[in-house]
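Now for the letters of each chain:
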Amino acid sequence: MKRSDNRIITSHAGSLPRPPELLALNNARLRAEPIDEARRRQLVREGVHDVVRKQIETGIDSLNDGEFGKAFFLDYAGRLSGFESRVRANAPVTQRRNFLEFADFYNELYPGRGGVGTEPNCIGPIAYAGQDAIATDIANFKAALEGLDVDGVDYVEAFLPAIAPGTFGRGQNRYYKTEEEFLFAVGDAMREEYKAVIDAGFVLQIDDPGLPDTWDTIIPEPTVAEYRKFAQVRIEALNHGLRGLPEDRIRYHICWGSWHGPHTNDIPLEDIVDLVLMVNAGCYSLEAANARHEHEWRVWRDTRLPDGKLLMPGVVSHATNVVEHPRLVADRIIRYAEIVGRENVIAGTDCGMGGRIHPSLCWAKFKALSEGAALATRELWP
C-alpha cells in the first residue's frame, strides 16, 4: 500500500453514485423482481469506465470501481452458497435504539415504509460461489484502468472492497449450531474473494460497518463489555478469513451506519479502537468528519497507531450536503498528521457517497478533498 511519502494521498470509502438506470435495476433485484441481466452487465461495464475517469478528474489518488458490480451487501447472498433470499415485508422503524428515540423524525423521513425486500438466510453449509462475479468485477475494473483517457493525470493505486463476515453475518443463521461457527464459515468462504482481489494486483478493502454499527441495533442496550465480547468474535472470524494474506495490501473500513439521522446511540470509538487495531490490515479507514465523530481525533492522542500501519480518517462526509471548504479539509488532515505522522495519513471519506448524497455533491466533495490535501501537503512538506 502506498504511503504519503512526499504528499498526502487521497482516497475514499468505496461506494459511488450509480447511473439512474443501473440503480433502478439494482433496486429491482433487491426486491426479487425479474430484470434484464444483460442490460445490467452492460451498464456496469460502462459505468465503471465513467466512474474511474471521474475519480481521476477530481484528484483521487487511490480509486476503485465505485462498487458498481454490487447492488448492496445483500448481493453477497448470491456469492455464497448455503443462503436463500427470503422475501419479507419491510419492518417498521423500530429496529434501532436511534430509530426508537427519534421515531417522529424517522417516520417523517421514511413515510410509507412498507413494501417488500429480501434478506439472506443461511440454510446449509457455506462455500464461496462468486467466482464469476468477482472475476467480472476485476475484469471491468482492469479494463477501465487500462482505457484511461485523462491526459497528464495518473493514479497511485487501485482498490476493491469486500464484505467482512461480521457485517454480512447479521443475516439469519438457520443451519450452524453456533453463531461463532457460522461467522467463521463466512470468513472461510470470503477468503477466496479476498485473495482474488489481492492476486489481481489491487488493494483489498474490508467493509465492516457492522463492527460499530450493530451496537445500536441491540435492544436493550448491552454493556460495553458485553458488546466487546460480541465484536471480538467477529474480528476473529475476519482474521481467520484474512489468514496468510499480506497485511500491507489490506485496509479495513468501519463506520457507524450511513443513514442520515441523529446517531446519538453510536458506540464511542474509544470503546472499540483497540479491537479495530486487532484486524490484520495495513490501513484503518474510519469516520472522522461528521458532526457526531469529528471530535474523536483525540482518541489517537492516547492510542498508538502500530508501527508500519496507516490511518485513513474521513475528512469529507457523506452525512451533509454542505461541501467542505478545502481549508477545513486541510486542517483535518494536518490534525491527524501531527498526531500519527504525515507519512501515515491517507485523506479519505467518512463512508461511501453512493446513494447518500446527490452525485454532483459527491464529485464536488472529492474536488474539495484533493484541494485540501494539496493545501495540507504544502504545509506538511514546506
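Residues numbered from 1 in each chain as written. Predicted model: local features only at pLDDT ≥ 70, side-chain atom pairs only at ≥ 80, totals over all residues. Heavy atoms only, no water.

K.L.:
So what about the packing of aromatic side chains? Which residues, and what values?
P.N.:
Enumeration over the complete set of coordinates arrives at 11 aromatic pairs. Between F141 and F202, the ring centres sit 4.9 Å apart and the planes meet at 35°, which makes this aromatic pair tilted. Of this pair, F141 sits in helix α5 (residues 131–146) while F202 sits in the loop between α7 (179–199) and β7 (203–207); the two residues are 61 residues apart in sequence, bridging distant segments of the chain. In this pair, the class of F141 matches that of F202, namely buried. Taken together through their ring pairs, the aromatic side chains of F83, F168, Y175, Y176 and F182 make up a single cluster. Lying across the ring of F159, R251 places its NZ or CZ 3.8 Å from the centre. (Phe/Tyr/Trp six-rings, centres within 6.5 Å; stacked < 30°, edge-to-face > 60°. Helix = DSSP H or I, 4+ residues; strand = E, 2+ residues; numbered from the N terminus. Buried < 20%, exposed > 50% of the residue type's maximum accessible area, 1.4 Å probe, protein only. Lys NZ or Arg CZ within 6 Å of the ring centre and 35° of its normal.)

K.L.:
How would you explain helix α1 (residues 20–30) if you had to name every residue and give the values?
P.N.:
Considered for burial, the residues of α1 that qualify are L22, L25, N26 and A28. Within α1, the buried residues cover an arc of 160° as seen down the axis, which keeps them to one side. Against α2 (37–57) lie the buried residues of α1. One or two residues past the end of α1 sits A32, with phi positive at roughly 60°. (Arc of directions from axis to C-beta. Contact = heavy atoms within 4.5 Å.)

K.L.:
Break down unusual backbone geometry for me, citing the residues and quoting the values.
P.N.:
A negative phi angle is the norm for most residues apart from glycine, just as the trans form is the norm for most peptide bonds. Following I219, the chain continues to P220 via a peptide bond in cis, the omega torsion being 5°. With respect to the secondary-structure elements, P220 resides in the loop between α8 (210–213) and α9 (224–242). Phi at E67 is positive, roughly 60°, even though this residue is not glycine. Among the structural elements, E67 can be located in the loop between β2 (62–63) and β3 (80–89). Backbone geometry at H263 places phi at a positive 60°, although glycine is not the residue there. Along the chain, the position of H263 falls in the loop between β8 (250–254) and α10 (273–276).

K.L.:
Give a detailed account of the sheet that holds strand β11 (residues 346–349), specifying residues and quantitative values.
P.N.:
As summarised here, the arrangement of the eight strands in space is β1-β11-β10-β9-β8-β7-β5-β2, forming an open sheet in which the pairing is parallel. Only two strands of the sheet have a single partner each, and these edge strands are β1 (9–10) and β2. Judged from the two bridges that link them, β1 and β11 form a sheet pairing that is parallel. Paired with I9 across the strands is I346, a residue of β11. Strand contacts of α5: β2 and β5 (157–163), with the helix running at about 160° to β5, the strand carrying the most contacts. Along the sheet, helix α13 (residues 359–380) makes contact with β1, β10 (310–316) and β11, crossing β11 at roughly 160°. (Pairing = 2+ DSSP bridges. Axes fitted to C-alpha atoms, helices over the stretch in contact; angles between N-to-C directions.)

K.L.:
Pulling in residues and values, what's your account of the pattern of salt bridges?
P.N.:
As enumerated under the stated definition, the model contains 24 salt bridges in all. A salt bridge links E21 to R39, with the nearest nitrogen and oxygen atoms 2.8 Å apart. With E21 in helix α1 and R39 in helix α2, this residue pair connects regions lying 18 residues apart in the sequence. Judged by its relative accessible area of 39%, E21 falls in the partly exposed class. Across the pair R79 and D137 runs a salt bridge, and its minimum N-O distance is 2.8 Å. Here the residue R79 occupies a position in the loop between β2 and β3, and D137 occupies one in helix α5, the gap between them amounting to 58 residues. Given a relative accessible area of 7%, D137 falls into the buried group. Put simply, D50, R53, K54 and E57 are held in one network by salt bridges that share partners. (Salt bridge = Lys/Arg side-chain N within 4 Å of Asp/Glu carboxyl O.)

K.L.:
Explain the side chain of S285 to me, and be specific about the residues and the numbers.
P.N.:
Its location among the elements puts S285 in strand β9 (residues 283–286). Among residues more than four places away in sequence, those in contact with S285 are Y252, H253, I254 and M312.

K.L.:
Quick one: what's the story with the nonpolar core, residue by residue and with numbers?
P.N.:
One finds I126, Y252 and W300 to be the most contacted residues of the largest nonpolar core, which totals 97 residues. With nine residues, α7 is the single largest residue contributor to this core. Once residues within four sequence positions are removed from consideration, Y252 is found in contact with I206, D208, L211, L238, V276, V279, A281, C283, Y284 and S285. Core analysis: the second largest hydrophobic core is formed by eight residues, V203, L310, M312 and I346 among them. (Core = buried A, V, L, I, M, F, W, Y, C linked by side-chain atoms within 4.5 Å.)

Just distances and angles here, no functional claims.
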